[in-house]
Amino acid sequence: MKTDLTDTTSSKINKALVLGRRAIGTPAVGMVLTLVIVTDEENAYDALKAANDASREHPSRTLVVIKRVSRSPRDRSKARLDAEVRLGADASTGETVVLRLYGEVGDHAQSVVLPLLLPDAPVVVWWPVNAPTDPAKDPLGALAQRRVTDTYASEQPIQELTARADAYTPGDTDLSWTRITPWRSMLAAALDQVVCEVTSAEVEGEEFNPSVELLAMWLAERLKIPVRRSTSAGPGLTSVRMETSSGPIVLDRPDGSLATLSIQGQPDRAVALKRRETAELIAEELRRLDPDDTYATALKFGLERLDEEAAVTAPAPEPEAAQAAAEPAAKPAPKKAPAKKAAAK
């Protein structure tokens, strides 16, 4: 069921929701949270589709806030709110309200959203694109317990990641961090299978991918080792190699679907490690509404500190290994030395 409201108010939207539930025969409200999506017209369809797919696991009231651009001074002086109320099959298992804000009302979106929040239910705000630098201080972000951004969709992902670290507030999270959950699980499980000391690591992925930086910072913070990053053709993360006292541990995924886990002394194993859709990422974030402390510690580790430690070569476990590594640079000198001694004799 779909209802269009032009030049409306929040109270009229609430009334349309009640009447719609009665019309389809479900007067009770069974949603567990309110998901607020702040986006533009270009990305609204994809974001709403992902939210509807995620609502099968987390029935929710989805509020899509779209701030329309007014091209003339006359349009900017007029404040108008249009809404589209979707229930039943048009809204998956929850309720959907698409809000289009025109003129000055776009600067006060929180006053439109606040009356539409479910009572006594948590609020999650998601910015698929164009997230504020400090989500917690945003008027809409201040209404939420969790604030979800995606630095991968920003124009300068690495700089954006640094800004997120400086402005971090408990409750913030990023889909670039959610994307590496299977990688972190597989690497932790691999280290549980062998007794060893990790000396260094290398993370390989496509250029300008914040997930590469987050995974590297997580490894450096947890294992207290230098972590290097290298560039590949992608897609996404392609490989993680950890040097240990028992031999290298490699998790390689060249095709974005199937990975190979290699541990010294054990046969290689194929691991399903496909790239997940946005709906799966949002569903994972909605499973927990408390602050993600692991994300906070990895994010606050800092890219500058990561670069400094990665520039220092990890100490070799044996002195002979360090001597062997230095031999190539010292080889040219010994070749001339015997000739000089022979001439002296």
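Residues numbered from 1 in each chain as written. Predicted model: local features only at pLDDT ≥ 70, side-chain atom pairs only at ≥ 80, totals over all residues. Heavy atoms only, no water.

Right, let's talk about the overall build of the protein chain for a bit. Secondary structure assignment for the protein chain yields 13 helices and 14 strands. Within the protein chain, the proportion of its 345 residues that are buried is 48%. Residue pairs at least 24 apart in sequence account for 71% of intrachain contacts in the protein chain once pairs closer than 6 positions are excluded. Total accessible area on the protein chain stands at roughly 17,700 Å², and carbon and sulfur atoms take up 52% of it. (Helix = DSSP H or I, 4+ residues; strand = E, 2+ residues; numbered from the N terminus. Buried < 20%, exposed > 50% of the residue type's maximum accessible area, 1.4 Å probe, protein only. Contact = heavy atoms within 4.5 Å. Areas by Shrake-Rupley, 256 points an atom, 1.4 Å probe, with all protein chains shown as cover.)

With that out of the way, let us pick up the environment of Ala201. Topologically, Ala201 is positioned in strand S9 (residues 198-206). Sequence separation of Ala201 and Ile225 is 24 residues, and the distance between their C-alpha atoms is 7.4 Å. Not counting chain neighbours up to four residues away, the residues in contact with Ala201 comprise Leu219, Ile225, Pro226, Val227, Arg228, Arg241 and Met242.

We now examine helix H9 (residues 278-286). Burial runs high along H9: seven of the nine residues are buried. Of the positions making up H9, those classed as buried are Ala279, Leu281, Ile282, Ala283, Glu284, Glu285 and Leu286.

Turning our attention to the pattern of salt bridges. Within this structure, the stated rule accounts for 23 salt bridges. Arg21 is paired through a salt bridge with Glu95; the nearest N and O atoms lie 2.7 Å apart. Here Glu95 lies in strand S5 (residues 95-102) and Arg21 lies in helix H1 (residues 10-23), a separation of 74 residues in the sequence. With a relative accessible area of 9%, Arg21 lands in the buried category. Where Arg229 meets Glu213, a salt bridge forms, and the shortest distance between an N and an O atom there is 2.9 Å. Remark: Glu213 occurs in helix H8 (residues 210-223) and Arg229 occurs in strand S10 (residues 227-232); sequence separation between them is 16 residues. (Salt bridge = Lys/Arg side-chain N within 4 Å of Asp/Glu carboxyl O.)

Before going further, it helps to spend a moment on the pairing of S10. For S9 and S10, the ladder comprises six bridges, and the chain directions are parallel. Residue pairing in the sheet places Glu204 in a bridge with Ser230 of S10. This β-α-β element, S9 to H8 to S10, shows right-handed connectivity. (Pairing = 2+ DSSP bridges. Right-handed = clockwise from strand over helix to strand, strands pointing away.)

Any two packed helices are characterised by the angle at which their axes cross and by the distance between the axes. One can describe the packing of helix H7 (residues 181-192) onto H8 by two numbers: an axis separation of 11 Å at closest approach and a directional angle of 35 degrees. Considering how the two elements wind past one another, H7 and H8 form a crossing that is right-handed. On H8, the residues that touch Trp183, Arg184, Leu187 and Leu191 of H7 are Leu215, Trp218, Leu219 and Leu223. Of the residues assigned to the contact of H7 with H8, the class counts are seven nonpolar, no polar and one charged. (Axes fitted to C-alpha atoms, helices over the stretch in contact; angles between N-to-C directions. Left-handed = near helix turned anticlockwise from the far one by under 90°. Nonpolar A, V, L, I, M, F, W, Y, C, P; charged D, E, K, R; others polar.)

What follows is about the nonpolar core. The biggest cluster of nonpolar side chains holds 40 residues, and the ones touching the most others in it are Val203, Leu215, Leu219 and Val227. Of the residues forming this core, the biggest block, eight residues, is contributed by H8. Excluding residues within four positions of it along the chain, Val203 makes contact with Val212, Leu215, Ala216, Leu219, Val227, Arg228, Arg229, Ser230, Leu237, Ser239 and Val240. (Core = buried A, V, L, I, M, F, W, Y, C linked by side-chain atoms within 4.5 Å.)

Turning to the confidence of the model for the protein chain, a few remarks are in order. Confidence in the prediction for the protein chain averages 85 pLDDT; 86% of positions are at 70 or higher. Every residue in residues 313-345 scores below 50 in pLDDT, and together they form six contacts with partners more than four places removed in sequence or on other chains. (pLDDT = per-residue confidence, 0-100.)

With respect to topology, eight strands assemble into an open sheet ordered S1-S4-S5-S3-S2-S6-S7-S8, the strand pairing being mixed. Where the open sheet ends on each side, the last strands, each with one partner, are strand S1 (2-5) and strand S8 (172-174). Mean inter-strand twist for the sheet, computed between neighbouring axes without regard to direction, equals 15 degrees. Lying over the sheet, H9 contacts strand S2 (33-39), strand S6 (123-126), strand S7 (146-149) and S8, oriented at roughly 145 degrees with respect to S6.

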